[in-house]
Amino acid sequence: MSDSRNNLTILQRGEPVLAQVADAVTDIDSEKVKQLIADLKQTVAEANGVGIAAPQVGESLRLFLMCSAPSERYPDAPLLPISVIINPEIHQTSAQQELGWEGCLSVKGKRALIPRYTNIKVSYLDDTGTKHNKTLTGFPARIFQHELDHLDGITFIERLDNESDAIDEQQWRERYMNESA
Ligand SMILES: [Zn+2]
């Protein structure tokens, strides 16, 4: 039943599915995909995430949600409508990258400064199968790149030169609050 929503377990880095390249979604209208989308919405809201990818709940499919909203985890996140992103592609990127703080529901308690393209031209299907072509900038572009990495078996830790460049959430909170003050 697609009108029931379940809170799914979010897998942590080290689980093999998080290191796999996920498969394209071929059956957007299937009950399985509809239920997965409903469950991901429930799960990411519960976890105060700004995005979640299907592999994070053990489904190796090219599907993620973007759901930027300010929260305790991301105080400065813009409030945007939830987007269901299926079979995403990046067609063009800006030359420029910028550093920004990221966390990940699959790397609990860690934050790190990660370089991402400032602007990206993307395409994807939504949950009705409609194709979208968009240019994303700033934080939404960052979320898109972070979540697309999950579909390619990459967590933000793999984007660091050293795993030790990730800092504890508590340290981040102190630094971040000082920087934004
Ligand atoms: Zn993540």
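Structure: see above.
Cut-off values and rules
- Residues numbered from 1 in each chain as written.
- Predicted model: local features only at pLDDT ≥ 70, side-chain atom pairs only at ≥ 80, totals over all residues.
- Heavy atoms only, no water.
- Helix = DSSP H or I, 4+ residues; strand = E, 2+ residues; numbered from the N terminus.
- Expected span 1.5 Å × (residues − 1).
- Buried < 20%, exposed > 50% of the residue type's maximum accessible area, 1.4 Å probe, protein only.
- Polar contact = N/O pair within 3.5 Å; in protein donor to acceptor, adjacent residues only side chain to side chain.
- Contact = heavy atoms within 4.5 Å.
- Pairing = 2+ DSSP bridges.
- Axes fitted to C-alpha atoms, helices over the stretch in contact; angles between N-to-C directions.
- Core = buried A, V, L, I, M, F, W, Y, C linked by side-chain atoms within 4.5 Å.

(A) View of helix 2 (residues 138-151). Here helix 2 spans 21 Å end to end across 14 residues, near enough to the 20 Å set by a 1.5 Å rise per residue. With 12 of its 14 residues buried, helix 2 lies for the most part within the structure. Turning to helix 2, its buried residues are P140, A141, R142, I143, F144, Q145, H146, E147, L148, D149, H150 and L151.

(B) Just the side chain of Q35, in detail. By the secondary structure assignment, Q35 is in helix 1 (residues 31-46). A polar atom in the side chain of Q35 sits 2.8 Å from the side chain of D39.

(C) Seen up close, the environment of G58. Structurally, the position occupied by G58 is in the loop between strand 1 (51-53) and strand 2 (63-66). When its relative accessible area of 37% is taken as the criterion, G58 is described as partly exposed. Between the C-alpha atoms of G58 and V107, which are 49 residues apart in sequence, the distance is 15 Å. Apart from residues lying up to four places away in sequence, G58 is in contact with L11 and V17.

(D) Summary view of the sheet that holds strand 2. Read from one edge of the open sheet, 5 strands run 1-2-3-6-7, paired in antiparallel fashion. Both outer strands of the open sheet, strand 1 and strand 7 (131-137), are each paired with one neighbouring strand and no more. Geometrically, the sheet is characterised by an average inter-axis angle of 40° between neighbouring strands, direction not taken into account. As defined by bridge partners, strand 1 adjoins strand 2 across 3 bridges and the pair is classed as antiparallel. Bridging from a neighbouring strand, G51 pairs with M66 of strand 2. Contacting strand 1, strand 2, strand 3 (83-93), strand 6 (119-125) and strand 7, helix 2 runs over the sheet at an angle of about 155° to strand 2.

(E) Geometry of the nonpolar core. Among the nonpolar cores identified, the biggest contains 18 residues, and V25, L36, L40, I52, L63 and I86 are the most heavily contacted of them. Secondary-structure elements contributing two or more residues to this core are helix 1, strand 2 and strand 3. A per-element tally of this core places helix 1 first, with 5 residues. Setting aside residues up to four positions removed in sequence, V25 forms contacts with V33, L61, R62, L63, I86 and N87. Listed in part, the 17 residues of the second largest apolar core include V50, M66, I85 and I143.

Bear in mind that shape data such as this cannot, by itself, settle questions of function.
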